[in-house]
Amino acid sequence: MNYLGSIRNPLHDGLFLVLCDAGARFGGWDVHGDELAAEGSAQLVLDGLRVYVEEAHGDGRHEVRRSDDGTLWISPPVEPGVCPIPEDGLEHEPRTETLPMGLVDVPSGTLVLALAYPPLNMTTDGDHAGVTHGEGERLDVVVGPGVVVITRERTAAGQTVALRFLPPHGA
């Protein structure tokens, strides 16, 4: 199990996280804020690419790890009713529930995990105009071209978000 890093919000306790291809044009809170505030975690389609936004709150960070089999594990920040699965239980702790959450298209081969407030690969004219991701607010992970399947997995100890890579059909 390799620790890849974390994503945090130094400004407030909102920790909405966008999962998308490095080339995706995501408008951040200026473009998608109303939809995300109403929906919480949501699957979006932007310029034909599937993108996923994970809702989270609390004073903390999303911790990201990669198993030897390539699975990415996003441990959520602690908040009321939410505890992360301890690292030593991510791969082997029996699941009490597994929920499909969404898919992310990654044609460039690089998956971006970033705070969902600033835009990515575009400019906006709202409150986040000209804002870019600072240190600790974005993590780029090379996964290869394909699709990432997202599930929320719960155990008796807590929960995690699992990202499993599917290579292109025929690869």
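Right above here is the structure, for reference.
All of the points below concern the structure found in this document. (Residues numbered from 1 in each chain as written. Predicted model: local features only at pLDDT ≥ 70, side-chain atom pairs only at ≥ 80, totals over all residues. Heavy atoms only, no water.)

## Observations regarding the overall build of the protein
When you go through the protein residue by residue, the secondary structure sums to one helix and eleven strands. Counted from the first residue to the last, the protein has its helices and strands arranged as β-β-α-β-β-β-β-β-β-β-β-β. The C-alpha radius of gyration computed for the protein amounts to 15 Å, which stays within 12% of the reference 16 Å derived for 171 residues, consistent with globular compactness. Dimensions along the principal axes, computed over C-alpha positions, put the protein at roughly 45 × 45 × 30 Å. Taken over 171 residues, the protein has a buried fraction of 49%. Counting only contacts in the protein whose residues sit at least 6 apart along the sequence, the fraction spanning at least 24 positions is 70%. (Helix = DSSP H or I, 4+ residues; strand = E, 2+ residues; numbered from the N terminus. Rg over C-alpha atoms; globule rule 2.2 N^0.38 Å. Buried < 20%, exposed > 50% of the residue type's maximum accessible area, 1.4 Å probe, protein only. Contact = heavy atoms within 4.5 Å.)

## Some words on the pattern of salt bridges
In this structure the tally under the stated criterion is nine salt bridges. The partner of Asp47 in a salt bridge is Arg25, and the shortest N-O contact between them spans 3.5 Å. Here Asp47 is found in the loop between β3 (42-46) and β4 (49-54), whereas its partner Arg25 is found in the loop between β2 (17-21) and α1 (28-39), with 22 residues between them in sequence. Judged by relative accessible area, Asp47 falls into the exposed class, the value being 63%. A relative accessible area of 42% means that Arg25 is categorised as partly exposed. (Salt bridge = Lys/Arg side-chain N within 4 Å of Asp/Glu carboxyl O.)

## Some thoughts on the environment of His32
Tracing the chain through its elements places His32 in helix α1. Relative accessible area serves as the criterion here: at 8%, His32 is assigned to the buried category. The sequence separation of His32 and Val143 amounts to 111 residues, and the corresponding C-alpha distance is 26 Å. Discounting residues that sit within four places of it in the chain, His32 has contacts with Phe26, Gly27, Leu44 and Leu46.

## Here's the deal with α1
Because each turn of an α-helix spans 3.6 residues, side chains separated by three or four positions in sequence point in the same direction. Looking at α1, one finds that the buried residues are Gly28, His32, Gly33 and Leu36. Down the axis of α1, the buried set is contained in an arc of 155°. They therefore lie on one face. Relative to its buried face, α1 has exposed residues pointing more than 90 degrees away, namely Asp34 and Ala38. On its buried face, α1 is in contact with β3 and β4. In the stretch just after α1, Gly40 is the one whose phi turns positive, near 75°. (Arc of directions from axis to C-beta.)

## Some details on the sheet that holds β2
An order of β3-β4-β2-β8-β9 is seen for the five strands of this open sheet, with the pairing classed as antiparallel. For this open sheet the edge positions go to β3 and β9 (138-142), each flanked by a neighbour on one side alone. In this sheet, adjacent strand axes meet at a mean angle of 20° when their direction is disregarded. Packing of α1 onto the sheet brings it into contact with β3 and β4, and relative to β3 it is tilted by some 155°. (Pairing = 2+ DSSP bridges. Axes fitted to C-alpha atoms, helices over the stretch in contact; angles between N-to-C directions.)

## Describing the pairing of strand β8 (residues 110-115)
Within β8, six of the six residues are buried, which leaves the element mostly enclosed by the surrounding structure. The sheet contact formed by β2 and β8 spans five bridges and is antiparallel. Its bridge partner being in β8, Leu17 is matched across the sheet by Leu115. Where β8 lies against β9, five bridges are found, and the strand directions are antiparallel.

## Overview of the environment of Asp30
Looking at the secondary structure, you find Asp30 in helix α1. By relative accessible area, Asp30 is classed as partly exposed at 25%. Put simply, Asp30 and Pro80 are 50 residues apart on the chain and 27 Å apart in space, counted from C-alpha to C-alpha.

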